[in-house]
Amino acid sequence: MKLGIKEIEKIIPHRHPFLLIDYIEELEPGVRAVGYKCVSFREDFFNGHFPQEPVMPGVLTIEALAQVGAVAILSLEENKGKTAYFGGINKCKFREKVVPGDKIRLETKIIKSKGPIGVGEAIATVDGKVVVKAELTFAVS
């Protein structure tokens, strides 16, 4: 199931310039989602991070992974219209830089869920190489 921006905006509340996923390629509601972010030199954050060597801030890659996870969890019928909030970031490792021209594959699998609280295993890759890996805790409200 492929979702474009309009479909994504029906599921999560994020909007430009903070919507950090361009499309969802795979979706299993409540289980996992795979999305992509095509990184352009025109991203606002490159003006200051860093002008001499543009690098996407790692925390924004984590946010993009969280948004993909939010699509997965908020696609469940009982969560429609709700928001997924960060509860924590654990076991986070930044392994490679993300730069203009990169296409980031963002995969988040829901590995634990009890009531409104859950944990997603999140992995971002560029050209098959892991750039970020983390466990993201969320709360649905």
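Residues numbered from 1 in each chain as written. Predicted model: local features only at pLDDT ≥ 70, side-chain atom pairs only at ≥ 80, totals over all residues. Heavy atoms only, no water.

Participant: Help me out: how do you make sense of helix H2 (residues 58-74) in this one?
Facilitator: Counting along an α-helix, one turn takes 3.6 residues, and residues three or four places apart therefore face a common direction. Across its 17 residues, H2 extends 24 Å between first and last C-alpha, which sits within 8% of the 24 Å expected from 1.5 Å per residue. Extensive coverage of H2 is indicated by the burial of 14 of its 17 residues. (Helix = DSSP H or I, 4+ residues; strand = E, 2+ residues; numbered from the N terminus. Expected span 1.5 Å × (residues − 1). Buried < 20%, exposed > 50% of the residue type's maximum accessible area, 1.4 Å probe, protein only.)

Participant: What is the right way to look at the sheet that holds strand S6 (residues 129-140) in this model?
Facilitator: In sheet architecture, strand pairing relies on hydrogen bonds along the backbone and comes in two forms, parallel and antiparallel. Strand order in this open sheet of six strands is S1-S2-S4-S5-S6-S3, and the pairing throughout is antiparallel. Of all strands in the sheet, those with a lone pairing partner are strand S1 (23-28) and strand S3 (84-94), marking the two edges. Within this sheet the neighbouring strands show an average axis-to-axis angle of 20 degrees, counted without direction. In terms of strand pairing, S3 meets S6 through eight bridges, oriented antiparallel. Bridge pairing links Phe-86 to Phe-138 in S6. Where H2 meets the sheet, its contacts fall on S1, strand S2 (32-38), S3, strand S4 (103-114), strand S5 (117-126) and S6, and the angle it forms with S3 comes to roughly 130 degrees. (Pairing = 2+ DSSP bridges. Axes fitted to C-alpha atoms, helices over the stretch in contact; angles between N-to-C directions. Contact = heavy atoms within 4.5 Å.)

Participant: Explanation requested: the nonpolar core in the structure shown.
Facilitator: Most often, soluble globular proteins have nonpolar side chains that are buried together. Grouped together as the largest cluster of nonpolar side chains are 38 residues, with contacts concentrated most on Ile-12, Ile-21 and Val-71. Elements with a contribution of two residues or more to this core: helix H1 (5-11), S1, H2, S4, S5 and S6. Per-element tally for this core: the top contributor is H2, with ten residues. Discounting chain neighbours no more than four positions away, the residues touching Val-71 are Leu-3, Ile-8, Ile-11, Ile-12, Ile-21, Ile-24 and Leu-27. (Core = buried A, V, L, I, M, F, W, Y, C linked by side-chain atoms within 4.5 Å.)

Participant: Explain the pattern of salt bridges to me, please; I cannot follow it from the model alone.
Facilitator: Working definition: two side chains of opposite charge can pair if their charged atoms are close together. Applying the stated criterion across every chain yields a total of ten salt bridges. One salt bridge in this structure joins Lys-37 and Glu-43, with 2.9 Å as the shortest N-O distance. For the residue pair Lys-37 and Glu-43, the accessibility class agrees, reading buried in each case. Linked through salt bridges whose partners overlap, the residues forming this network are Glu-26, Glu-28, Arg-32, Arg-105 and Glu-107. (Salt bridge = Lys/Arg side-chain N within 4 Å of Asp/Glu carboxyl O.)

Participant: Help me understand the pairing of S1, please; the structure alone is not making it clear to me.
Facilitator: Residues in a regular strand project their side chains so that they alternate between the two faces of the sheet. Across five bridges, the pairing between S1 and S2 is antiparallel. Each residue of the ladder has a partner; that of Glu-28, found in S2, is Arg-32. Where S1 hands over to S2, the hairpin turn is made up of three residues, of which Gly-30 adopts a positive phi near 80 degrees.

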